[in-house]
Amino acid sequence: MYFFTSDTHFGCDEILLRENRPFKNMEDFKDSVFQFWNSQAKATDTIYHLGDFVNYNKTNKLGWQKALEEVKQINAKVILIIGNNEQRIIEEFFDKNFEKFRQYCKGIGFFDVKQDDYIEFNNEKFYLNHFPRNHKENYINLFGHTHRTTGLWKPYGLNVGCDLNHFYLFSENEIERLLSLKTRYWDDDIDNLCLS
């Protein structure tokens with residue numbers, strides 16, 4: 001089974017304050033999240049993390065290596081779709097070479113690392129990417145990047161950011177349930193579309 005999440009920003013307490021996450025510190029956050037995930041996903045399952053697994057920005061440039069290595073605590077196979085934080089790491093530490101970063105991550109425990117991906121389940125085609133602006137026509141787009149600020153739903157897909165599912169993974173079944181709500185209610189609700 002596939003599972004989805006994004007924007008954990010492991011490695012820096014700053015994100016807990018910025019996103020109003022109800023954890024004492026990063027250690028508490030990480031331990032809780034991995035407990036949630038390991039209760040959901042088995043070793044044979046795949047977790048797609050749609051970017052910003054770690055926090056790396058102008059105010060926090062420490063700890064990204066240790067934070068990436070935390071993947072070893074996750075039971076399922078983890079495929080990382082790179083986000084803007086990973087892109088900065090690639091530019092500064094891997095000579096702007098995506099493949100070098102990919103091999104590094106595979107060596108420390110990630111199943112794979114991709115820039116984006118296409119998958120199918122439940123008779124639906126999905127495009128997986130960190131940035132909602134990069135959505136593709138004729139696909140249901142699963143994305144992250146915006147955390148809570150733009151909400152769960154867009155006409156072209158769903159935001160799978162960890163803040164939007166109480167830090168649990170979105171399962172295939174949950175995605176299917178949300179898509180039925182999207183089709184049945186959200187896509188035609190003039191208030192959701194902010195058209196008036």
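Calculation rules
- Residues numbered from 1 in each chain as written.
- Predicted model: local features only at pLDDT ≥ 70, side-chain atom pairs only at ≥ 80, totals over all residues.
- Heavy atoms only, no water.
- Helix = DSSP H or I, 4+ residues; strand = E, 2+ residues; numbered from the N terminus.
- Rg over C-alpha atoms; globule rule 2.2 N^0.38 Å.
- Buried < 20%, exposed > 50% of the residue type's maximum accessible area, 1.4 Å probe, protein only.
- Contact = heavy atoms within 4.5 Å.
- Areas by Shrake-Rupley, 256 points an atom, 1.4 Å probe, with all protein chains shown as cover.
- Phe/Tyr/Trp six-rings, centres within 6.5 Å; stacked < 30°, edge-to-face > 60°.
- Lys NZ or Arg CZ within 6 Å of the ring centre and 35° of its normal.
- Pairing = 2+ DSSP bridges.
- Axes fitted to C-alpha atoms, helices over the stretch in contact; angles between N-to-C directions.
- Right-handed = clockwise from strand over helix to strand, strands pointing away.
- Expected span 1.5 Å × (residues − 1).
- Polar contact = N/O pair within 3.5 Å; in protein donor to acceptor, adjacent residues only side chain to side chain.

Considering the overall build of the protein
Now for step 1: Summing up its helical and strand segments, the protein has six helices and 10 strands in all.
Now for step 2: In terms of overall dimensions, the protein is globule-like: its C-alpha atoms have a radius of gyration of 16 Å, near the 16 Å expected for 196 residues.
Now for step 3: Taking the principal axes of the C-alpha coordinates as reference, the protein spans close to 45 × 35 × 35 Å.
Now for step 4: Among the 196 residues that make up the protein, the fraction classed as buried is 51%.
Now for step 5: Residue pairs at least 24 apart in sequence account for 62% of intrachain contacts in the protein once pairs closer than 6 positions are excluded.
Now for step 6: Carbon and sulfur atoms provide 48% of the accessible area of the protein, an area that totals close to 9,900 Å².

As for the packing of aromatic side chains
Now for step 1: Evaluated as defined, the whole model comprises 25 aromatic pairs.
Now for step 2: Three or more aromatic residues link up through ring pairs in this structure, and these residues are Phe 10, Phe 23, Phe 29, Phe 34, Trp 37, Phe 53, Phe 110 and Phe 167.
Now for step 3: Over the ring of Phe 111 we find Lys 77, and its NZ or CZ is 5.4 Å from the ring centre.
Now for step 4: One Lys or Arg, Lys 125, reaches over the ring of Tyr 139 and ends 4.9 Å from the middle of that ring.

Some remarks on the sheet that holds strand β7 (residues 140–143)
Now for step 1: The strand order across the open sheet built from five strands is β5-β6-β7-β9-β8, with neighbouring strands paired in mixed fashion. Edge positions in the sheet fall to β5 (117–121) and β8 (153–154), since each of these pairs with one other strand and no more.
Now for step 2: Pairing between β7 and strand β9 (residues 157–159): three bridges, direction parallel. Residue pairing for β9: Asn 141 is matched across the bridge by Gly 157.
Now for step 3: Running over the sheet, helix α6 (residues 172–184) touches β5, β6 (124–128), β7, β8 and β9 and is turned about 125 degrees from β9.

Focus: the environment of Leu 128
Now for step 1: For Leu 128, the location among the structural elements is in strand β6.
Now for step 2: What makes Leu 128 buried here is its relative accessible area of 0%.
Now for step 3: For the pair formed by Leu 128 and Tyr 139, sequence separation is 11 residues and the distance between their alpha carbons is 9.4 Å.
Now for step 4: For Leu 128, the contacting residues outside a window of four places in its chain are Phe 4, Tyr 48, Leu 50, Ile 81, Asp 116, Asp 117, Ile 119 and Leu 142.

Thoughts on helix α4 (residues 84–93)
Now for step 1: Those residues of α4 that fall on the buried side of the exposure criterion are Asn 84, Asn 85, Glu 86, Ile 89 and Ile 90.
Now for step 2: Structurally, α4 contributes buried residues whose contacts are with α3 (64–69), β3 (77–81) and α5 (98–108).
Now for step 3: In the segment just after α4, Asp 95 is the residue with positive phi, at about 55 degrees.

Observations concerning the pairing of β3
Now for step 1: The element β3 is largely enclosed, with a buried count of four among its five residues.
Now for step 2: Alignment of strand β2 (residues 46–49) against β3, held across four bridges, turns out to be parallel. Considered in β3, the bridge of Ile 47 is made with Val 78.
Now for step 3: Once the chain exits β2 it traverses α3 before rejoining the sheet at β3, and the crossover so formed is right-handed.

Examining helix α2 (residues 26–40)
Now for step 1: When the terminal C-alpha atoms of α2 are compared, their 21 Å separation across 15 residues agrees well with the 21 Å that a helix rising 1.5 Å per residue should span.
Now for step 2: Looking only at α2, the buried set comprises Met 26, Phe 29, Lys 30, Ser 32, Val 33, Phe 34, Phe 36 and Trp 37.
Now for step 3: You can read the cap of α2 off the contacts: a side-chain oxygen lies 3.1 Å from the backbone nitrogen of Glu 27, and it is on Asn 25.

Focus: the sheet that holds strand β4 (residues 112–114)
Now for step 1: Taken in spatial order, the five strands line up as β4-β3-β2-β1-β10 in an open sheet, and their pairing is mixed. Edge positions in the open sheet fall to β4 and β10 (170–171), since each of these has one partner strand only.
Now for step 2: Docked against the sheet, α5 engages β3 and β4, running at close to 155 degrees with respect to β4.

So yeah, pure geometry; function would need other evidence.
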